[in-house]
Amino acid sequence: MIKKILVIGGANGIGLAISQELVHRDGTEKVYIVDKAPLAKEFYHSKIEAFQFDLTAEDYSFFDRFDDIDALMITAGFGKLALFKDVSEQHIIDSFNVNTLPVLRLVKRFYEKLEGKEDFYCGIMVSIAGWLSSPFFAVYGATKAALKIFIESVNVELVKAGTSNRILNVSPGSIKGTGFNGSKTTDLSQLQTLAREILEHLEAKNDVFIPLYEEVYKNVLQRYHDDFRKEGLHSYDYKQNTKRK
């Protein structure tokens, strides 16, 4: 069971929901939250220590202070629903500098714990957009596809290293109650169930969790496997009609 966790991006969205779930567990000793945004005072708790940090910074020595953690959950990231022709070059750079590069850097910094014999739980919020073509989300999907392959590759290395620890790839579709989905504030009531499910998979040391897999994404992924061009066109029309991923 998780005792001390570092939640990157824990000031809002699913990261906040996971943090709030953990602070109400008897076994949780400390929840470190690191986010570019400040943690709202209403979510303060005696078990929480909140820090502000910009993941695009060059110097990551800031994270040396978290050497006592036994879990790492990375939820920071952003996306923009737009055709590739309509996004700026800076948006491309910013997307990889927030969604992708920090994840690799953070996993590298805590890799000794991940590769060790002691239990270490590591989870990363990816996206179903990283598993298949995602028109209107070409840049976002590319940042997440990179994470999918990274996680799969490193997990093989962990198997070969003889540790039971794994990186959990959490790949949801649209999540209600988060700012990413258009909400101005985080609605924890809509995120509680998902947060609990993520923690269950994290502590089981599973390597992948796709929410609503059986209900929705099993068929979507099969259609993509059968004809990725046709499914890409279907995805384009769906997003154009609903303005949702």
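Everything in this summary refers to the structure shown in the same document. Keep in mind that what you see is a predicted model, and the values were worked out from it rather than measured.

Cut-off values and rules
- Residues numbered from 1 in each chain as written.
- Predicted model: local features only at pLDDT ≥ 70, side-chain atom pairs only at ≥ 80, totals over all residues.
- Heavy atoms only, no water.
- 1 Å grid on protein atoms, 1.4 Å probe; cavity = no way out; pocket = protein on both sides within 12 Å on 5 of 7 lines; lining within 4 Å.
- Points joined across faces, edges and corners; volume = space filled by probe spheres on them.
- Helix = DSSP H or I, 4+ residues; strand = E, 2+ residues; numbered from the N terminus.
- Buried < 20%, exposed > 50% of the residue type's maximum accessible area, 1.4 Å probe, protein only.
- Polar contact = N/O pair within 3.5 Å; in protein donor to acceptor, adjacent residues only side chain to side chain.
- Contact = heavy atoms within 4.5 Å.
- Expected span 1.5 Å × (residues − 1).
- Phe/Tyr/Trp six-rings, centres within 6.5 Å; stacked < 30°, edge-to-face > 60°.
- Lys NZ or Arg CZ within 6 Å of the ring centre and 35° of its normal.
- Axes fitted to C-alpha atoms, helices over the stretch in contact; angles between N-to-C directions.
- Parallel < 35°, antiparallel > 145°, perpendicular 65-115°, else oblique.
- Nonpolar A, V, L, I, M, F, W, Y, C, P; charged D, E, K, R; others polar.
- Core = buried A, V, L, I, M, F, W, Y, C linked by side-chain atoms within 4.5 Å.
- Left-handed = near helix turned anticlockwise from the far one by under 90°.
- Pairing = 2+ DSSP bridges.
- Salt bridge = Lys/Arg side-chain N within 4 Å of Asp/Glu carboxyl O.

**Remarks on empty space enclosed by the protein**
The gaps of empty space that remain are located by a probe, the size of a water molecule, rolled over the atoms.
Part 1 of the reasoning: Here the structure, examined in full by the defined rule, presents one cavity of 30 Å³ or more.
Part 2 of the reasoning: Every residue lining the largest cavity is listed: Lys80, Ala82, Phe84, Val87, His91, Phe136, Phe137, Ala138, Val139 and Tyr140.

**Some thoughts on the side chain of Glu231**
Part 1 of the reasoning: Along the chain, Glu231 falls in helix 8 (residues 228-242).
Part 2 of the reasoning: The exposure class of Glu231 is buried, given its relative accessible area of 7%.
Part 3 of the reasoning: A polar side-chain atom of Glu231 sits 2.8 Å from a polar atom in the side chain of Arg223.
Part 4 of the reasoning: Apart from residues no more than four positions distant in its own chain, Glu231 is found in contact with Val220, Arg223 and Tyr224.

**Things to note about helix 6 (residues 188-203)**
Part 1 of the reasoning: A rise of 1.5 Å per residue sets the reference length of helix 6, with its 16 residues, at 22 Å; its end C-alpha atoms lie 21 Å apart and thus fit the reference within 8%.
Part 2 of the reasoning: If you check which residues of helix 6 are buried, you get Leu191, Leu194, Ala195, Ile198, Leu199, Leu202 and Glu203.
Part 3 of the reasoning: Its buried side turned inward, helix 6 meets helix 1 (13-23), strand 4 (71-74), strand 5 (121-125), strand 6 (167-170) and strand 7 (208-209).

**Let's talk about the packing of aromatic side chains**
Part 1 of the reasoning: If you walk through the whole model with that rule in mind, you get 13 aromatic pairs.
Part 2 of the reasoning: Connected via pairs of aromatic rings, a cluster forms that spans Tyr32, Phe51, Phe53, Tyr60, Phe62, Phe63 and Phe66.
Part 3 of the reasoning: The ring centre of Tyr60 lies 3.6 Å from the NZ or CZ of Arg105, which sits over that ring.

**Regarding the packing of helix 7 (residues 213-226) against helix 8**
Part 1 of the reasoning: Put simply, helix 7 and helix 8 touch, their axes get as near as 5 Å, and they point 130 degrees apart. By the criterion of interaxial angle, the relationship of helix 7 to helix 8 is oblique. Across the interface between the two elements, Val220, Arg223, Tyr224 and Asp226 of helix 7 pack against Phe228, Glu231 and His234 of helix 8.
Part 2 of the reasoning: Of the residues belonging to the contact of helix 7 with helix 8, the class tally is three nonpolar, one polar and three charged.

**A word on the nonpolar core**
One recurring pattern in soluble globular proteins: nonpolar side chains tend to sit buried together.
Part 1 of the reasoning: Judged by nonpolar contacts, the single largest core of 31 residues is most densely connected at Leu6, Ile8, Phe63 and Phe66.
Part 2 of the reasoning: Only strand 1 (4-8), strand 2 (30-35), strand 4, helix 3 (101-109), helix 4 (111-115), strand 5 and helix 5 (138-161) provide two or more residues apiece to this core.
Part 3 of the reasoning: Looking at this core, the element that brings in the most residues is helix 5, giving five residues.
Part 4 of the reasoning: If we skip the residues at most four places from it in the chain, Leu6 touches Tyr32, Val34, Phe63, Phe66, Ile69, Ala71, Leu72, Met73 and Phe110.
Part 5 of the reasoning: One finds Val7, Ile175, Leu191 and Ala195 within the second-largest nonpolar core, a separate group that totals 28 residues.

**Observations regarding the packing of helix 2 (residues 89-99) against helix 5**
Part 1 of the reasoning: Viewed as axis vectors pointing N to C, helix 2 and helix 5 meet at an angle of 30 degrees, and their least axial separation amounts to 10 Å. Put simply, helix 2 runs roughly parallel to helix 5. With respect to the hand of their crossing, helix 2 and helix 5 are arranged in right-handed fashion. Seen from helix 2, the contacting residues are His91, Ile92, Ser95, Phe96 and Asn99; seen from helix 5, they are Val139, Tyr140, Ala142, Thr143 and Leu147.
Part 2 of the reasoning: Across the contact of helix 2 with helix 5, the residue classes tally to six nonpolar, four polar and no charged.

**Re the sheet that holds strand 4**
Part 1 of the reasoning: Taken in spatial order, the seven strands line up as 3-2-1-4-5-6-7 in an open sheet, and their pairing is parallel. Lying at the two open borders of the sheet, with one neighbouring strand each, are strand 3 (48-52) and strand 7.
Part 2 of the reasoning: Pairing geometry for strand 1 and strand 4, over four bridges, is parallel. Counted as the bridge partner of Ile5 is Ala71 from strand 4.
Part 3 of the reasoning: Here helix 1 sits on the sheet and contacts strand 1, strand 2, strand 3, strand 4 and strand 5; the angle it forms with strand 2, its principal contact strand, is near 165 degrees.
Part 4 of the reasoning: In the packing of helix 3 onto the sheet, the strands contacted are strand 1, strand 4, strand 5 and strand 6, and the crossing angle to strand 4 comes to about 175 degrees.

**Focus on the pattern of salt bridges**
Part 1 of the reasoning: Counting across every chain of the model gives 10 salt bridges.
Part 2 of the reasoning: Residue Glu203 is joined to Arg25 by a salt bridge in which the shortest nitrogen-to-oxygen separation is 2.8 Å. Here Glu203 is found in helix 6, whereas its partner Arg25 is found in the loop between helix 1 and strand 2, with 178 residues between them in sequence.
Part 3 of the reasoning: The shortest N-O distance in the salt bridge between Arg223 and Glu231 comes to 2.8 Å.
Part 4 of the reasoning: Judged by relative accessible area, Arg223 falls into the partly exposed class, the value being 36%.

By themselves, these observations are geometric and do not establish any function.
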